[in-house]
Amino acid sequence: MTEKRQKRMAVVNDFSGFGRCSLMVSVPIISAMKIQCCAMPTAVLSNHTGYDDFFFDDYTDKMRPYYEKWQKLGLHFDGIYTGFLGSVRQVAIVEEFIGCFAEKDTAIIVDPVMGDNGRPYATIDKALCEELRKLIPLSSILTPNLTEACLLSGAAYHDTPFSEKELMEIADRLRTAGARYLVITGITDGEDICDFVSCPDGTCELLRQPISGTPHAGTGDVFASVIAADAVNGVNFVDSVKKASAFVGQAIRLSDQLHIPSTDGVCFEEILCTL
Ligand code: PXL
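Conventions and cut-offs
- Residues numbered from 1 in each chain as written.
- Predicted model: local features only at pLDDT ≥ 70, side-chain atom pairs only at ≥ 80, totals over all residues.
- Heavy atoms only, no water.
- Helix = DSSP H or I, 4+ residues; strand = E, 2+ residues; numbered from the N terminus.
- Near = heavy atom within 4 Å.
- Polar contact = N/O pair within 3.5 Å; in protein donor to acceptor, adjacent residues only side chain to side chain.
- Areas by Shrake-Rupley, 256 points an atom, 1.4 Å probe, with all protein chains shown as cover.
- Nonpolar A, V, L, I, M, F, W, Y, C, P; charged D, E, K, R; others polar.
- Expected span 1.5 Å × (residues − 1).
- Buried < 20%, exposed > 50% of the residue type's maximum accessible area, 1.4 Å probe, protein only.
- Arc of directions from axis to C-beta.
- Contact = heavy atoms within 4.5 Å.
- Core = buried A, V, L, I, M, F, W, Y, C linked by side-chain atoms within 4.5 Å.
- Salt bridge = Lys/Arg side-chain N within 4 Å of Asp/Glu carboxyl O.
- Pairing = 2+ DSSP bridges.
- Right-handed = clockwise from strand over helix to strand, strands pointing away.

Enquirer: I keep staring at unusual backbone geometry and nothing clicks. Help me out?
Expert: Leaving glycine out, the prevailing phi sign among residues is negative, and the prevailing peptide bond configuration is trans. In the Ramachandran plot, Arg20 falls in the positive-phi region, its phi being about 50 degrees despite a non-glycine side chain. Within the fold, Arg20 resides in the loop between strand 1 (8–18) and helix 1 (23–32). In the Ramachandran plot, His259 falls in the positive-phi region, its phi being about 55 degrees despite a non-glycine side chain. Summarising the element assignment, His259 is placed in the segment after helix 8 (237–257).

Right, dumping it as structure tokens:
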């Protein structure tokens, strides 16, 4: 009989001290979902880049020496979840990282943090955008928002609602690029916000829920953290997407009730114990 063992996940993401995003949301969420969470920082910021000003310390040159100590410890992970990458060179480092620490059954969750509302983030230029595409075939789960799905697939973004046919075409392009489980988040359609789910068996589904409030920063990171933890815990993908969207929706509702500025993220702490 094999002994029961706690699962372990590495999160490759930036540390933004203020603003409820990246590691500051992944570590508590993944830990609350009973997985040992191990942080590999890609950059250290005072606050995320959605604020007018921020301190940004790029971690590219420090990542290898950092994870070499993990190799020396003989670590392996049941999940590797990558998020915000701050430079082109970091993509190759992440590829190496996955090569070093993934085993046959390791879930690789790639959240291609690149932009929102049709626009790339301040740190994402064309070269980094191109380079990030290389992570698609390494992923078991890919979690772009609609803007990121367009940037990755080369599809044109528009503010008017996307049809299911257009979403299917974007998903086809991402599948051709190597995506397996895919969820495109934040698709607005009238009063609804939708997630487009695509599975390796070719099935697709558009999941809807009523818009719960004002868009806030970091909700993609909250969503992907729940998805990543569920993947490691063996939860069915579509069930996991429903759970992650409901959690984000509830966090947005509470954040609006507490008048939290949208740049400051969502007060997921209030409902962390429900995960
Ligand atoms: O939540 C996405 C994100 C993550 N990390 C950094 C960011 C952003 C979005 O602005 O700036 C540093």
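Let's pick the thread back up.
Enquirer: I tried to follow the site of the ligand on my own but got confused; where do I start?
Expert: All residues in the neighbourhood of the ligand are listed as Asp14, Ser16, Cys21, Ser22, Leu45, His48, Thr49, Phe84, Val113, Tyr121, Gly218 and Asp221. At a separation of 2.7 Å, a nitrogen atom of the ligand approaches a polar side-chain atom of Asp14. Side-chain polar atom of Asp221 to an oxygen atom of the ligand: 2.7 Å apart, as the coordinates give it. Protein chains bury 94% of the 310 Å² of accessible surface belonging to the ligand in isolation. Class assignment of the residues belonging to the shell around the ligand gives a composition of five nonpolar, five polar and two charged.

Enquirer: Help me understand helix 6 (residues 164–176), please; the structure alone is not making it clear to me.
Expert: Every α-helix winds through 3.6 residues per turn, so residues three or four apart in the chain are directed the same way. In a regular helix each residue adds 1.5 Å, so 13 residues correspond to 18 Å; helix 6 covers 18 Å between its end C-alpha atoms and thus fits that length. Within helix 6, burial applies to Leu167, Ile170, Ala171 and Leu174. In an axial view of helix 6, the angular spread of the buried residues amounts to 100 degrees, which keeps them on one side of the axis. The exposed residues of helix 6 that point more than 90 degrees off its buried face are Lys165 and Thr176. As for helix 6, its buried residues are in contact with strand 8 (141–142), helix 5 (146–153), strand 9 (181–189), strand 10 (192–198) and strand 11 (204–210). Looking at the residues trailing helix 6, positive phi occurs at Gly178, about 120 degrees.

Enquirer: I tried to follow the nonpolar core on my own but got confused; where do I start?
Expert: In globular proteins that are soluble, nonpolar side chains generally tend to be buried together. Grouped together as the largest cluster of nonpolar side chains are 44 residues, with contacts concentrated most on Trp70, Phe77, Phe97 and Leu174. With six residues, helix 3 (residues 88–101) is the single largest residue contributor to this core. Ignoring anything within four residues of it in the chain, the contact list for Phe77 reads Arg8, Met9, Ala10, Cys38, Trp70, Phe97, Phe101 and Thr106. Leu23, Ala224, Val238 and Ile271 belong to the second largest nonpolar core, which has 40 residues in total.

Enquirer: Please clarify how the pattern of salt bridges should be interpreted in this entry.
Expert: A side chain with one charge may pair with a side chain of the opposite charge, provided their charged atoms come close. For the structure shown, the criterion picks out 13 salt bridges. A single salt-bridge network, built from bridges that share partners, covers Asp189, Asp192 and Arg208.

Enquirer: Which parts of the structure should I look at to understand the pairing of strand 2 (residues 36–47)?
Expert: Where strand 1 meets strand 2, nine bridges bridge the pair, whose relative direction is parallel. Following the sheet pairing, Asn13 is matched in strand 2 by Pro41. The parallel pair strand 1 and strand 2 is bridged by helix 1, and the resulting crossover is right-handed. For strand 2 and strand 3 (residues 56–58), the ladder comprises three bridges, and the chain directions are antiparallel. Along strand 3, the bridge assignment pairs Val44 with Asp57.

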